[in-house]
Amino acid sequence: MAKTNKVIVLTQGLLNACKKLYTMEFNERTLIIMKQLIDNMENRDAWKNVDKSKTLCRCTFLDPRFKNIPFNNNNSLSETTKNEVIEKTANIIYLKRSNQLDEQNQDQPDYISIDTPSTSNSPSIWETIDTSIAKLIPSGTSKSRATIEIQRYLEDGMLKRNLDPLKWWQEHKYNH
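Conventions used here
- Residues numbered from 1 in each chain as written.
- Predicted model: local features only at pLDDT ≥ 70, side-chain atom pairs only at ≥ 80, totals over all residues.
- Heavy atoms only, no water.
- Helix = DSSP H or I, 4+ residues; strand = E, 2+ residues; numbered from the N terminus.
- Buried < 20%, exposed > 50% of the residue type's maximum accessible area, 1.4 Å probe, protein only.
- Contact = heavy atoms within 4.5 Å.
- Core = buried A, V, L, I, M, F, W, Y, C linked by side-chain atoms within 4.5 Å.
- Salt bridge = Lys/Arg side-chain N within 4 Å of Asp/Glu carboxyl O.
- Phe/Tyr/Trp six-rings, centres within 6.5 Å; stacked < 30°, edge-to-face > 60°.
- Disulfide = S-S within 2.5 Å.
- Axes fitted to C-alpha atoms, helices over the stretch in contact; angles between N-to-C directions.
- Parallel < 35°, antiparallel > 145°, perpendicular 65-115°, else oblique.
- Left-handed = near helix turned anticlockwise from the far one by under 90°.
- Nonpolar A, V, L, I, M, F, W, Y, C, P; charged D, E, K, R; others polar.
- Expected span 1.5 Å × (residues − 1).
- Arc of directions from axis to C-beta.

J.: Which residues make up the environment of Leu-62, and what values do they have?
T.: With respect to the element layout, Leu-62 can be found in the loop between α4 (54-61) and α5 (75-104). On the accessibility criterion, Leu-62 (34% relative accessible area) is partly exposed. The spatial distance from the C-alpha of Leu-62 to the C-alpha of Pro-165 is 8.9 Å, given a sequence separation of 103 residues. With residues near it in sequence (within four places) discarded, Leu-62 still touches Val-85, Tyr-153 and Trp-169.

This is the structure we're talking about:
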């Protein structure tokens with residue numbers, strides 16, 4: 001049973017396998033059938049436009065066995081899919097921050113609020129540590145954080161084809 005994340009990979013693989021078979025020595029009748037099969041795959045809208053589906057592209061991209069490899073022959077599609085995933089991830093980050101703010105009734109994300117020496121007039125034994133922590137507080141927009149997340153995901157090694165991508169995501173949920 002083909003899963004959504006495999007559709008693009010399987011259609012590309014089947015077409016390439018058929019093209020390779022067509023170059024081999026077969027009887028004339030077999031070659032005619034192979035040629036018709038290849039022509040139908042290349043000309044049928046549902047087949048040749050499979051990579052136009054945003055859902056299929058995103059599912060393939062987010063499979064750690066494939067990532068952006070099936071899009072290597074199409075830089076535009078690769079970048080478009082990557083940017084769409086970044087946008088979706090940025091929305092999730094933004095909503096997560098918004099929900100945390102609503103729950104906490106604060107104007108800050110779920111980071112420590114620090115009174116730095118510039119905002120506090122009295123000396124404090126906590127001044128040194130508060131100043132150091134203030135320098136480490138994550139900053140950036142939701143989109144910049146999403147871009148970093150996706151880049152880290154792409155830099156991770158590829159998962160072996162016979163392994164379960166859902167288990168991989170479960171094991172790496174705190175990394176990405």
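J.: Go over the nonpolar core with me, naming the residues and quoting the values.
T.: By size, the foremost hydrophobic cluster in this structure holds 17 residues, and its most contacted members are Phe-61, Phe-71 and Ile-150. Elements with a minimum of two residues in this core: α4, α5 and α7 (142-155). Here this core takes 5 residues from α5, the largest share from any one element. Discounting chain neighbours no more than four positions away, the residues touching Phe-71 are Ile-8, Cys-57, Thr-60, Phe-61, Leu-77, Ser-78 and Thr-81.

J.: Go over unusual backbone geometry with me, naming the residues and quoting the values.
T.: Although it is not a glycine, Lys-67 adopts a positive phi angle of roughly 50°. Checked against the element boundaries, Lys-67 lands in the loop between α4 and α5.

J.: Got a sec to walk through the pattern of salt bridges? Specific residues and values, please.
T.: Within this structure, the stated rule accounts for 8 salt bridges. A salt bridge links Glu-42 to Lys-19; its shortest N-O distance comes to 2.9 Å. Taken as a pair, Glu-42 in helix α2 (residues 28-43) and Lys-19 in helix α1 (residues 7-22) lie far apart in primary sequence, 23 residues in all. Note on Glu-42: relative accessible area 31%, which makes it partly exposed. Here Arg-65 and Asp-63 are joined by a salt bridge, their closest N and O atoms 2.6 Å apart. Looking at Asp-63, the relative accessible area reads 1%, which means it is buried. Within this structure, Lys-54, Arg-58 and Glu-84 form a network of salt bridges that share partners.

J.: How would you summarise the packing of aromatic side chains if you had to cite specific residues and measurements?
T.: Within this structure, the stated rule accounts for 4 aromatic pairs. Plain terms: the ring middles of Phe-61 and Tyr-153 are 6.1 Å apart, the flat faces sit at 50° to each other, and that makes the pair tilted. Highlighted residues: Phe-61 in helix α4 and Tyr-153 in helix α7, separated in sequence by 92 residues. Grouping residues by exposure puts Phe-61 and Tyr-153 together as buried. Ring geometry for Tyr-153 and Trp-169: centres 5.3 Å apart, planes at 25°, overall stacked.

J.: Can you tell me about the state of the cysteines, naming the residues and giving the values?
T.: Considering all chains together, one arrives at 0 disulfides under this definition. The thiol of Cys-59 is not disulfide-bonded; the next cysteine sulfur, from Cys-57, is found 9.4 Å away.

J.: Report on the packing of α1 against α2, specifying residues and quantitative values.
T.: For the pair α1 and α2, interaxial distance at closest approach is 10 Å and the crossing angle is 150°. For the element pair α1 / α2, the angle class is roughly antiparallel. Considering only the axes of α1 and α2, their crossing is left-handed. In this structure, α1 uses Leu-14, Leu-15, Cys-18, Lys-19, Leu-21 and Tyr-22 to contact α2, whose residues at the interface are Leu-31, Met-34, Lys-35, Leu-37, Ile-38, Met-41 and Glu-42. Here the residues of the contact of α1 with α2 are counted per class, giving 10 nonpolar, no polar and 3 charged.

J.: For α7, give the residues involved together with the corresponding values.
T.: For α7, which comprises 14 residues, the first-to-last C-alpha distance of 20 Å matches the rise-based estimate of 20 Å (1.5 Å per residue) to within 8%. Taken residue by residue, α7 has Ser-142, Ala-146, Ile-150, Tyr-153 and Leu-154 as its buried positions. Projected down its long axis, α7 shows its buried positions confined to an angular sector of 105°, all on one face.

From the geometry alone we can't say anything about function, so treat these as descriptive.
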